[in-house]
Structure formats: C-alpha cells, structure tokens
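What the coordinates show
For reference, the chains in residue letters:
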Amino acid sequence: MTGTDESDRDVDRFESARNTVRQHRDGSTCFHCQDGGCGQHTWAVEELGRHPGGRKLLRRLGFPIDDSTEEGRPR
C-alpha cells in the first residue's frame, strides 16, 4: 500500500478534517490560509459534517449544525 492509498481512507480524512478545524479554533490560521479565506478549513467543516462524530465536534466548537439532513433521518 502506498502513502497515497493510505491517505484516502475515511479515518485519515476525518482525522485531517478534525485537526484542521481544531487548528482554526479561536481565529488561528494554518499554512493553507490566504487573504480570501482557507479552502482547507471549508473542506474540513464539510467533511466533518458527513459524520456523526464530526457533527458532534462541530456543535461543541460552536458551528450551527442542522441534523435534519443527517443520513437515515427524514428531511
């Protein structure tokens, strides 16, 4: 298995997204940040929103999360 194969695992994407969102907490930045915002942070929030544990983390960090679109629930 190559490094590329490993980084495409769900658990790796989740961990990367979690770390990115936590790094941006309280207005901090990362090396992806630019004057117009941070595409990595946008991706991370979207990625975490796809997972129950990620939604829980986002809520804890103060993101407004709408669980009505969660898989398996009526819309």
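The structure reproduced in this document is the subject of the present report.

Calculation notes
Every chain is numbered independently, its residues counted from 1 as its sequence is written. Residues qualify for local features only when their pLDDT is at least 70, as the model is predicted, and side-chain atom pairs are given and counted only at 80 or more; totals for whole chains, interfaces and linings, by contrast, use all residues. In computing side-chain values, all of the structure's heavy atoms are included and hydrogens and water are not. Put simply, DSSP marks the helices as runs of H or I at least four residues long and the strands as runs of E at least two long, and each gets a number from the N terminus on. Exposure classes here rest on a 1.4 Å probe applied to the protein chains alone. A residue is buried below 20% of its type maximum, exposed above 50%, and partly exposed in between. Here a residue-residue contact requires only that any non-hydrogen atoms of the pair lie within 4.5 Å. Each accessible area value is a Shrake-Rupley result obtained with a 1.4 Å probe; residue values ignore everything except the protein chains displayed when judging cover. Note: the arc covers the axis-to-C-beta directions of the helix. To get an axis, fit a line to the C-alpha atoms, keeping to the stretch in contact for a helix; angles then go from 0 to 180 degrees between the N-to-C directions. Any angle that falls under 35 degrees is termed roughly parallel, while one over 145 is termed roughly antiparallel, one within 65 to 115 roughly perpendicular, and all others oblique. Put simply, a crossing is left-handed when the front helix is turned counterclockwise from the back one by less than a right angle, and right-handed when it is turned clockwise. For this scheme, ten residues count as nonpolar: Ala, Val, Leu, Ile, Met, Phe, Trp, Tyr, Cys and Pro. Four count as charged, namely Asp, Glu, Lys and Arg, and the remainder, Gly too, count as polar.

If you tally the helices and strands in the protein, you get 4 helices and 0 strands. Counting from the amino terminus, the protein carries its helices and strands in the arrangement α-α-α-α. In the protein, which comprises 75 residues, the share counted as buried stands at 20%. Within the protein, residue pairs in contact and separated by at least 24 positions form 38% of the contacts whose partners lie at least 6 positions apart. For the protein, the exposed surface amounts to about 5600 Å²; the carbon and sulfur share of it is 46%.

Moving on to helix 3 (residues 39-48). Among all positions of helix 3, only His41, Ala44, Glu47 and Leu48 are buried. Taken end-on, helix 3 shows its buried residues confined to a sector of 125 degrees, consistent with a single buried face. On its buried side, helix 3 packs onto helix 2 (10-23) and helix 4 (52-60).

Take the packing of helix 2 against helix 3 next. Between helix 2 and helix 3, the least distance of the axes is 8 Å, while the angle of their chain directions is 125 degrees. Comparing the axis directions of helix 2 and helix 3 gives the class oblique. Regarding helix 2 and helix 3, the two cross each other, and that crossing is left-handed. For the pair formed by helix 2 and helix 3, the contact residues are Arg13, Phe14, Ser16, Ala17, Arg18, Thr20 and Val21 on the first element and Gln40, His41, Trp43, Ala44, Val45, Glu47 and Leu48 on the second. Looking at side-chain class alone, the contact of helix 2 with helix 3 contains 7 nonpolar, 4 polar and 3 charged residues.

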